[in-house]
Amino acid sequence: MMATTTVLNKSPDAIGRRSRFVRQRTGKRLVLGQRDLEILRWLYRYRYLRQTHLQRLLQPVSPKRFTERLGDLFHETGLINRPSIQPPLFDARSSPMLYEITPSGIECLASHGALPHRAVTFSRRSCRSYSPQFLHTMMIIETLLAIEQVTLETPGQRFVPVDEIIARAPQHVRHAHNPLAVPVTLVPNPKHSVIRKRHETIMIPDALYGIEYDIDGEKRYRFWALECERASPAWRSRSDASSTALKRAAYDALIEARTYRSHWGIPNLKLHLVTSGG
């Protein structure tokens, strides 16, 4: 575990700027507005978002003042954090700042009755924990966020996040330690040479999402299991070792058996595989 803020420099820099990762309150009084609550909602929904993500989502008239407002929400209110995972991975001065909501921010949203459905299951982890596979985490977030942004801009479409899907799943899945974990039986078949013998496995998608389509007043749905691959090889000599080929075979088996219906209570499922090469 790591704390969500890291002590880099408690004093202002040469031109009087506050530290980017240590809160330095000035006593400025902030009155939260609707835009501030929207910032908190999006951070609750996705766990981590960069300043540039929030700007694209909220379209502020003045990007400069929006950036300053994010700084005030961090320094003065404690409602959002600048995760300490950033410094070793990014140039802290040239990269867009990364934000996450704090427990105080969640309490604030709840007090306004404004907690949205979450789009990623790792957003449920404590704000004092982080994934060591942070670049993979951001790949998942950016993929889902891009899909949701398209639905926001497309009439007759609505993004369906994982919390909404799980809320309608059977009770044993809703209360499971990991509701995305689904059993799959793999058997040898000509389509997938990587499977050489029958075996049982558990698939855990990186994310699960859907899109609601309004077609002539009728709502229809499509659902996807998202897998983001940054480093897994396309194929391995051992059939039980992680690889893209094995995942494709497992999802084909899951979809053919229609296990998604009994497990998640959804009518259909496709695999959405994203690789680091595009």
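Residues numbered from 1 in each chain as written. Predicted model: local features only at pLDDT ≥ 70, side-chain atom pairs only at ≥ 80, totals over all residues. Heavy atoms only, no water.

With that settled, the discussion passes to the overall build of the chain. In terms of helices and strands, the chain carries 10 helices and nine strands. The 278 residues of the chain split such that 47% are buried. Summarising the internal contacts of the chain: among those between residues at least 6 apart in sequence, 66% fall at separations of at least 24. (Helix = DSSP H or I, 4+ residues; strand = E, 2+ residues; numbered from the N terminus. Buried < 20%, exposed > 50% of the residue type's maximum accessible area, 1.4 Å probe, protein only. Contact = heavy atoms within 4.5 Å.)

On to the packing of helix 2 (residues 51-58) against helix 6 (residues 134-153). Their axes nearest at 12 Å, the elements helix 2 and helix 6 cross at an angle of 10 degrees. If you check the angle between helix 2 and helix 6, you find them roughly parallel. Along its contact with helix 2, which presents His-53, Arg-56 and Leu-57, the element helix 6 presents Met-138, Glu-142, Leu-145 and Gln-149. Among the residues making up the contact of helix 2 with helix 6, the classes are represented as three nonpolar, two polar and two charged. (Axes fitted to C-alpha atoms, helices over the stretch in contact; angles between N-to-C directions. Parallel < 35°, antiparallel > 145°, perpendicular 65-115°, else oblique. Nonpolar A, V, L, I, M, F, W, Y, C, P; charged D, E, K, R; others polar.)

Here we take up the sheet that holds strand 3 (residues 98-101). The pairing of strands in a sheet comes from backbone hydrogen bonds and takes either a parallel or an antiparallel form. With antiparallel pairing, the three strands of this open sheet are ordered in space as 1-3-2. The sheet is open, and its two edges are formed by strand 1 (49-50) and strand 2 (80-81), each paired on a single side. Seen against the sheet, helix 1 (residues 34-46) touches strand 1, strand 2 and strand 3 and runs at an angle of roughly 90 degrees to strand 3. (Pairing = 2+ DSSP bridges.)

Bringing the nonpolar core into the picture now. With 46 residues, the main nonpolar core has Tyr-46, Leu-49 and Leu-144 as its most contacted residues. Listing elements by their share of this core, those giving two or more residues are helix 1, helix 2, helix 3 (63-77), strand 3, helix 5 (103-111), helix 6, strand 7 (207-215) and strand 8 (218-229). No other element matches the eight residues that helix 6 contributes to this core. Ignoring anything within four residues of it in the chain, the contact list for Tyr-46 reads Ala-119, Val-120, Phe-122, Ile-141, Leu-144, Leu-145, Glu-148 and Phe-159. (Core = buried A, V, L, I, M, F, W, Y, C linked by side-chain atoms within 4.5 Å.)

The full count for this structure, using the stated rule, is 17 salt bridges. With a shortest N-O distance of 2.6 Å, Lys-64 and Glu-68 are connected by a salt bridge. Of the two residues, Lys-64 and Glu-68 are both situated in helix 3; the distance of four residues between them amounts to about one turn of the helix. On the basis of relative accessible area, Lys-64 is assigned to the exposed category, the value being 57%. Relative accessible area serves as the criterion here: at 40%, Glu-68 is assigned to the partly exposed category. (Salt bridge = Lys/Arg side-chain N within 4 Å of Asp/Glu carboxyl O.)

Along the polypeptide, Met-97 turns up in the loop between helix 4 (86-89) and strand 3. Residues Met-97 and Leu-49, 48 residues apart in the sequence, show an inter-C-alpha distance of 8.5 Å.

The next subject is the side chain of Gln-149. Relative to the helices and strands, Gln-149 resides in helix 6. The class of Gln-149 is buried, set by a relative accessible area of 14%. Not counting residues up to four positions away in its chain, the partners in contact with Gln-149 are Arg-56 and Leu-57.

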